[in-house]
Amino acid sequence: MKVLIIGGVAAGTKVAAKLKRLDRSAEVTILTMSKEISYAGCGLPYYVGNVIQDRDLLIANTPDSFAKLTGTEVLTGIEVTGLDRDKKCVTGVNVDTGEVKVYTYDKLVISTGASPVKPPIEGIDLENVFFMRTPEDADALKAAVDGGSIKRAVVAGGGFIGLEVAENLKEKGVKVSVIDMAEHIMPGFDPEITEYVEDHLADEGIMAFTNTKLEAIVGTDKVEKVQTSRKAMKADAIVMSLGIRANTGFLADTGIEMMPNRTIKVNEYLQTNDENIYALGDCAMVCNRLTKAAAWSPMGSSANIEGRIAAKNIAGEKVAYPGVLGTGIVKLPGLNAGRTGLSETDAAKAGFQPVSVMAVVDDKAHYYPGASSFIVKLVADAKSRKFLGIQCLGTGAVDKMVDIAVMALSMNAAVDDLEHLDFAYAPPFSTAIHPFEHTVNVLLNKMEGEFDTFTPVQYREGAADGYQVIDVSIQPSLENAVYVDLSSVNGELPQFGKDDKLLLVCSKGKRAYMLQNRLKYYGYTNTKALEGGTIFNGSDF
């Protein structure tokens, strides 16, 4: 069997390596336009920031080492320009010599990846306009920063890569601003989460200007200003991180079914509408595991999973890809942010009846050095009680929280299934009631009517207007609020009527819940606790 793979990096090399292990007799050839076959694209921002000091560590395999390791033939510097499905062959051009050659196949794998969006704006070709997609891109930015010529920079695009570049430029002493034409940075998170992150970044010296369109790059020979829809911004450099487009132009007029964003439509076995042609990685459109709707997941993690499944199917197995969850995580200055599953916004769009809770929980035993907090938002379906997703912020192991949620979602768990899980506990790692379990308990209390709340969104939209704010913190902390010492409440509060509207606020939400529980016992009928407390919502009441 002759298998031809167009493209390397994550998806293509994974197909090749797995397929040669499954069927050593398969003739597997990789055609790639670049000189590198496999590199860690997600590590590039950290190379720029000198967190990763040795560039060679980003190169997973050279073409020669990969060929020797797997038995795959690797041909670099070959740009595929055409596909003939009837003759089962592709046309490739050597980018150095211009030589044209035809390559035949029994099975074809398209893993051509994607390229950065390069908008047709004035100044896009000036010196110090950078992208962040290949090791060469990182080399160019790192050299300019290390050379000392870049004092201030603009990052265009508030996705994960753009934010990681911003963090690493800041660590190198560059003054950084981020612009994004969307309403918020970090797509996939709910608005109140992204607003919190935007405020945090501002505190760290990185201003995020949202609802801001890049209009032009101004300069004589190199970047001097960045013109946006809001204002002109002085800058020595701009890093373009406006998204990517699938490298699928060579498929025009081939009959391969495409999606509106130029990705390739595949079935659950990662086959295109031609059963002998597979597509995966950044150039393919897969599905969401929860909703089964089309989903694009240009992530190295997805590419590796898809590559393994495609290899099994080419080898004769019948393995269905269940789809992606939208899992993602990003390291920011002084804060980590992760998510998986559906946000509350997306859950509502998908037809669920979402119920959510925001909780601030300890990330490990509070007395252990380095202990901090997680800000956690869980989402479930109110009708079916199906668990739908998590968003988590914190300085610690946010990935642990997200990965637990991935397992729960993959097992199709209801919230009730997550109530009594036996998690690992020791003070350096967790709390006796695991932070994930703790948040599940808070959500269950809310779903059962034991915890009556205003979410941060409801509070900001004015749902608490007319409520008397009660400060339930350990020590008085809110200037315009009545302070109530939780430990002293063992009966009715004479200063409040049983039907008074009372908004209970503390730092995390836990003491507010405890006071609400007592007040309900003593006959108070109109209390609400503010989810997330002052840690998430601030202390301006």
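Whatever comes next refers back to the structure up there.
Only a predicted model underlies this, so the values are computations on that prediction, with no experimental measurement involved.

Thresholds, definitions, all that
- Residues numbered from 1 in each chain as written.
- Predicted model: local features only at pLDDT ≥ 70, side-chain atom pairs only at ≥ 80, totals over all residues.
- Heavy atoms only, no water.
- Phe/Tyr/Trp six-rings, centres within 6.5 Å; stacked < 30°, edge-to-face > 60°.
- Helix = DSSP H or I, 4+ residues; strand = E, 2+ residues; numbered from the N terminus.
- Buried < 20%, exposed > 50% of the residue type's maximum accessible area, 1.4 Å probe, protein only.
- Lys NZ or Arg CZ within 6 Å of the ring centre and 35° of its normal.
- Pairing = 2+ DSSP bridges.
- Polar contact = N/O pair within 3.5 Å; in protein donor to acceptor, adjacent residues only side chain to side chain.
- Contact = heavy atoms within 4.5 Å.
- Axes fitted to C-alpha atoms, helices over the stretch in contact; angles between N-to-C directions.
- Salt bridge = Lys/Arg side-chain N within 4 Å of Asp/Glu carboxyl O.

Q: I'm lost on the packing of aromatic side chains in this one. Help?
A: How two aromatic rings sit relative to each other is set out by the distance from centre to centre and by the angle between their planes. With the rule as written, the count across this model stands at eight aromatic pairs. Considering the side-chain rings of F387 and F436, the 6.2 Å spacing of their centres and the 80 degrees angle between planes classify their relative orientation as edge-to-face. One end of the pair, F387, is in strand β28 (residues 387-394); the other, F436, is in helix α10 (residues 435-447), and 49 residues separate them in sequence. Residue F387 shares its accessibility class with F436, and that shared class is buried. Counting every residue linked through ring pairs, the aromatic cluster contains F387, F423 and F436. A cation sits over an aromatic face here: R339 above F189, 6.0 Å from the ring centre. In this structure, K528 is placed above the aromatic ring of F454, and the distance from its NZ or CZ to the ring centre is 5.4 Å.

Q: Quick question: what am I supposed to make of the pairing of strand β18 (residues 237-240) here?
A: The side chains of a regular strand alternate between both faces of the sheet. Of the two faces of β18, the one holding A237 and V239 and the one holding I238 and M240 are both buried throughout. Here three bridges tie strand β11 (residues 129-131) to β18, and the two strands are oriented parallel to one another. Note on β18: the bridge partner recorded for F131 is M240. Pairing analysis gives four bridges linking strand β12 (residues 152-156) to β18, with the strands arranged parallel. The residue of β18 that forms the bridge with A153 is A237.

Q: In this structure, what is going on with the side chain of H184? I would like to understand it.
A: One can find H184 in the loop between β13 (175-179) and α6 (191-203). Here the side chain of H184 touches E198 through a polar contact of 3.1 Å, side chain to side chain. When sequence neighbours within four positions are dropped, the list of residues in contact with H184 reads P191, T194, E195, E198 and T210.

Q: Would you explain the sheet that holds strand β16 (residues 225-228) in this entry?
A: Paired through backbone hydrogen bonds, the strands of a sheet run either parallel or antiparallel to each other. The strand order across the open sheet built from three strands is β15-β16-β17, with neighbouring strands paired in antiparallel fashion. Strands with a single pairing partner mark the edges of an open sheet, and in this sheet they are β15 (214-218) and β17 (232-234). Within the sheet, the average angular offset between the axes of one strand and its neighbour, ignoring direction, is 20 degrees. One ladder, built from three bridges, connects β16 with β17; its direction is antiparallel. Looking at the pairing, V226 lines up with M233 of β17.

Q: How should I be thinking about the pattern of salt bridges in this particular structure?
A: Pairing between side chains becomes possible if they bear opposite charge and their charged atoms approach one another. What the rule picks out here adds up to 22 salt bridges. Across the pair D96 and K35 runs a salt bridge whose closest N-O atoms are separated by 2.7 Å. One end of the pair, D96, is in the loop between β7 (89-94) and β8 (100-104); the other, K35, is in the loop between β2 (27-32) and β3 (38-39), with 61 residues separating them in the sequence. With relative accessibility at 47%, the residue K35 sits in the partly exposed group. For K520, the salt bridge goes to D452, with nearest N and O atoms at 2.8 Å. Within this pair, whereas K520 is found in helix α12 (residues 510-521), its partner D452 is found in the loop between α10 and β29 (453-454), the two being separated by 68 residues in sequence. Given a relative accessible area of 32%, K520 falls into the partly exposed group. Looking at D452, the relative accessible area reads 26%, which means it is partly exposed.

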